[in-house]
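The lines below spell out each chain.
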Amino acid sequence: MSGGPPKGLPSTGPHSLLDMPHPLAGSSSEEAVGGDSTPSPDLLMARSFGDKDLILPNGGTPAGTSSPASSSSLLNRLQLDDDIDGETRDLFVTVDDPKKHVCTMETYITYRITTKSTRVEFDLPEYSVRRRYQDFDWLRNKLEESQPTHLIPPLPEKFVVKGVVDRFSEEFVETRRKALDKFLKRITDHPVLSFNEHFNVFLTAKDLNAYKRQGMALLSRVGESVKHVTGGYKLRSRPLEFAAIGDYLDTFALKLGTIDRIAQRIIKEEIEYLVELREYGPVYSTWSALEGELAEPLEGVSACIGNCSTALEELTDDMTEDFLPVLREYILYSDSMKSVLKKRDQVQAEYEAKLEAVALRKEDRPKVPADVEKCQDRMECFNADLKADMERWQSNKRQDFRQLLMGMADRNIQYYEKCLMAWESIIPLLQEKPEAK
């Protein structure tokens, strides 16, 4: 991490402002239903990363050949077959310009939300509003209430450890800004969530508090149904495909959590190593003042260690700012998916309970009651929405992690190249010079 105290944001003063494809996509639906066993979560996760290969121009670098002279071209050479930018888009949202607001009762950060759209739902072609974190939290809660059958993207975690992370530091605010920007872009790219009325209000309303006071007035019927079903009824069994999704999510979250913990330990050790390097290098420089013929080589070693320190600091910053946030987002994403899966189970339990109630009635009925049919329709709608969102999530995940891992490889290569160049540069200084005749 960078040395010295974290940078603060300028204050406004005491003024307040308001496709992995589906886990069973490798088999036909008949095979999924009739199979003897559910594919293991490990196998399912392996498929999600391995179903499509990276494509490099000219076949990439064949095995056994040397790597390119410069690693900076690796990212430019990567072609992602899952790129969805080719789709026609009519809604663009960005989060930028964080500002610190100091009021009598609290201090908080707001972000500028800029929206451009050609949709008829928007009265103007462009909007610009300011929102704070709790406004984003309100939006997510409203989306969960009104769209219970869909996967709602996660927000970055609100709370930080006091005394460990300064939530008003420039580094923390920028990391959160990126996460909030990604949150809105996830919603913007969704074919259903992007048309939600609460999302429209969030993007356009000058005074969001007026809408917040409306409370639960706009809660959808489906949302109410999901919140008040099943009682003590226990679900008979999940369909095989949804059981596979649940197993996959458990294993996925477990593996990402392990990677996250180890990565944080590695970064902590790199920061400690960086502190030692910064003390180590100057010793050679002060020693050189005592030497004659060794002065130049010692100064060279000191400069070399300084260059290695700078390279390590850049690598550590990249890992902290780019690698860890993606891991955290997808851990939270898996929790969100589990929540939707649980709601789906509740709707299925409600449907099964209604069917059992009908079966226990003595009187003969010519057809299934209307309330049972509505419950069945709700369940089928939930199943379709959940499967569609799972496929979309897997596609985004595959693209995000390919970019993340390629970026991590590229930055590590750059780090070791810089260290190699630094040490190679002092070799001429260490070689004995021929004595003059």
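Presented here is a report on the structure given in the accompanying data block.

Rules used throughout
- Residues numbered from 1 in each chain as written.
- Predicted model: local features only at pLDDT ≥ 70, side-chain atom pairs only at ≥ 80, totals over all residues.
- Heavy atoms only, no water.
- Helix = DSSP H or I, 4+ residues; strand = E, 2+ residues; numbered from the N terminus.
- Buried < 20%, exposed > 50% of the residue type's maximum accessible area, 1.4 Å probe, protein only.
- Areas by Shrake-Rupley, 256 points an atom, 1.4 Å probe, with all protein chains shown as cover.
- Salt bridge = Lys/Arg side-chain N within 4 Å of Asp/Glu carboxyl O.
- Pairing = 2+ DSSP bridges.
- Patch = residues over 30% accessible without salt bridge, like charges linked within 9 Å, V, L, I, M, F, W, Y side chains within 5 Å.
- 1 Å grid on protein atoms, 1.4 Å probe; cavity = no way out; pocket = protein on both sides within 12 Å on 5 of 7 lines; lining within 4 Å.
- Points joined across faces, edges and corners; volume = space filled by probe spheres on them.
- Nonpolar A, V, L, I, M, F, W, Y, C, P; charged D, E, K, R; others polar.
- Domains from an automatic or database assignment.
- Core = buried A, V, L, I, M, F, W, Y, C linked by side-chain atoms within 4.5 Å.
- Phe/Tyr/Trp six-rings, centres within 6.5 Å; stacked < 30°, edge-to-face > 60°.
- Lys NZ or Arg CZ within 6 Å of the ring centre and 35° of its normal.
- Axes fitted to C-alpha atoms, helices over the stretch in contact; angles between N-to-C directions.
- Contact = heavy atoms within 4.5 Å.
- Polar contact = N/O pair within 3.5 Å; in protein donor to acceptor, adjacent residues only side chain to side chain.

1. Here we look at the overall build of the protein chain
And step 1. Looking only at helices and strands, the protein chain features 11 helices and three strands.
And step 2. Shown N-terminal to C-terminal, the secondary structure of the protein chain runs as helices and strands in the order α-α-α-β-β-β-α-α-α-α-α-α-α-α.
And step 3. In the protein chain, buried positions account for 41% of the 437 residues.
And step 4. Carbon and sulfur atoms form 55% of the exposed surface of the protein chain, whose accessible area is close to 24,900 Å².

2. Section: the pattern of salt bridges
And step 1. Tallied over the entire structure, the rule returns 25 salt bridges.
And step 2. Across the salt bridge formed by Glu-329 and Lys-182, the nearest N and O atoms sit 3.6 Å from each other. Of this pair, Glu-329 sits in helix α10 (residues 295-360) while Lys-182 sits in helix α5 (residues 170-189), and the two are 147 residues apart along the sequence.
And step 3. The class for Lys-182 is partly exposed, based on a relative accessible area of 29%.
And step 4. Between Arg-344 and Asp-345 there is a salt bridge whose closest N-O contact spans 3.1 Å. Take Arg-344 and Asp-345: they sit in the same class, and that class is buried.
And step 5. Several salt bridges converge on common partners, so that one network encompasses Lys-178, Asp-318, Asp-322 and Arg-411.

3. A word on the pairing of strand β2 (residues 107-117)
Consecutive side chains of a regular strand alternate in pointing toward one face of the sheet and then the other.
And step 1. Counting buried residues in β2 gives eight out of 11 residues, a clear majority hidden from the surface.
And step 2. Counting the residues that bridge the hairpin from strand β1 (residues 91-102) to β2 gives four residues.
And step 3. The pairing of β2 with strand β3 (residues 126-132) spans seven bridges and is classified as antiparallel. Bridging across to β3, Thr-115 finds its partner in Tyr-127.

4. Some words on unusual backbone geometry
And step 1. Phi at Asp-97 takes a positive value of approximately 50°, unusual for a residue other than glycine.
And step 2. Locating Asp-97 in the fold gives a position in strand β1.

5. A closer look at a nonpolar patch on the surface
And step 1. Taken together, the side chains of Trp-287, Leu-290 and Leu-294 define a hydrophobic patch exposed on the protein surface, amounting to about 340 Å² of accessible area.
And step 2. With respect to the element layout, Trp-287 can be found in helix α9 (residues 240-288).

6. A few points about empty space enclosed by the protein
In this approach, a probe sized like a water molecule rolls over the atoms, and the result shows the empty space that is left.
And step 1. Counted as a void, the largest cavity has a volume near 40 Å³.
And step 2. Lining the largest cavity we find Arg-140, Glu-144, Gln-147, Pro-148, His-150, Ile-152, Ser-336, Ser-339, Val-340 and Lys-343.
And step 3. Of all elements in the fold, only α4 (133-146) and α10 reach the threshold of two or more residues within the lining of the largest cavity.
And step 4. Per element, the largest residue contribution to the lining of the largest cavity is four residues, and it comes from α10.
And step 5. Residue composition of the lining of the largest cavity, grouped by class: three nonpolar, four polar and three charged.
And step 6. Summarising the domain contributions, the lining of the largest cavity has at least three residues from each of domain 1 (89-210) and domain 2 (237-432).

7. Here we look at the nonpolar core
And step 1. Of all hydrophobic cores here, the largest spans 46 residues; its most connected members are Leu-256, Phe-323, Tyr-330, Met-337, Trp-393 and Phe-401.
And step 2. Elements that contribute at least two residues to this core include exactly α9, α10 and α11 (370-430).
And step 3. Counting 29 residues, the second-largest nonpolar core is a separate cluster that includes Val-95, Leu-143, Phe-168 and Phe-202.

8. Description of the packing of aromatic side chains
Two aromatic rings are characterised by how far apart their centres lie and by the angle between their planes.
And step 1. Tallying each qualifying case throughout the model produces 13 aromatic pairs.
And step 2. Seen in terms of ring centroids, Phe-136 and Phe-202 are 5.1 Å apart; in terms of plane orientation they differ by 65°. Their pairing is edge-to-face. Here the residue Phe-136 occupies a position in helix α4, and Phe-202 occupies one in helix α6 (residues 197-204), the gap between them amounting to 66 residues.
And step 3. The exposure class of Phe-202 is buried, given its relative accessible area of 0%.
And step 4. On the numbers, 5.5 Å between centres and 35° between planes, the contact of Tyr-330 with Tyr-333 is tilted. Highlighted residues: Tyr-330 and Tyr-333, both in helix α10, separated by three residues, approximately one helical turn. Across the pair, exposure class does not vary: Tyr-330 and Tyr-333 are buried alike.
And step 5. Ring-pair connections join several aromatic residues into one group, and the members of that group are Tyr-248, Phe-252, Tyr-330, Tyr-333, Trp-393 and Phe-401.
And step 6. The ring of Phe-202 carries Arg-131 above its face, with NZ or CZ at 5.5 Å from the centroid.
And step 7. Of note, Arg-132 hangs over the ring of Tyr-108, and the distance from its end group to the ring centre comes to 3.9 Å.

9. Some details on the sheet that holds β3
And step 1. Pairing within the open sheet is antiparallel, and its three strands lie in the order β1-β2-β3. A strand with exactly one partner marks an edge of an open sheet, and here the two such strands are β1 and β3. Direction aside, the axes of adjacent strands within the sheet are offset by 20° on average.
And step 2. With 10 bridges joining them, β1 and β2 adopt antiparallel strand pairing. From the neighbouring strand, Thr-94 faces β2, where its bridge partner is Thr-114.
And step 3. Packing against the sheet, α4 makes contact with β1, β2 and β3, and its axis sits at approximately 105° to β3.
And step 4. Along the sheet, α6 contacts β1, β2 and β3; its crossing angle with β3, the most-contacted strand, is approximately 90°.

10. Some details on the side chain of Asp-181
And step 1. The residue Asp-181 is located in helix α5 in this model.
And step 2. Using a relative accessible area of 14% as the deciding quantity, one classes Asp-181 as buried.
And step 3. Reaching out from Asp-181, the side chain makes a polar contact with the backbone nitrogen of Val-95 at a distance of 2.8 Å.
And step 4. Those residues in contact with Asp-181, other than ones at most four positions away along the chain, are Val-93, Thr-94 and Val-95.

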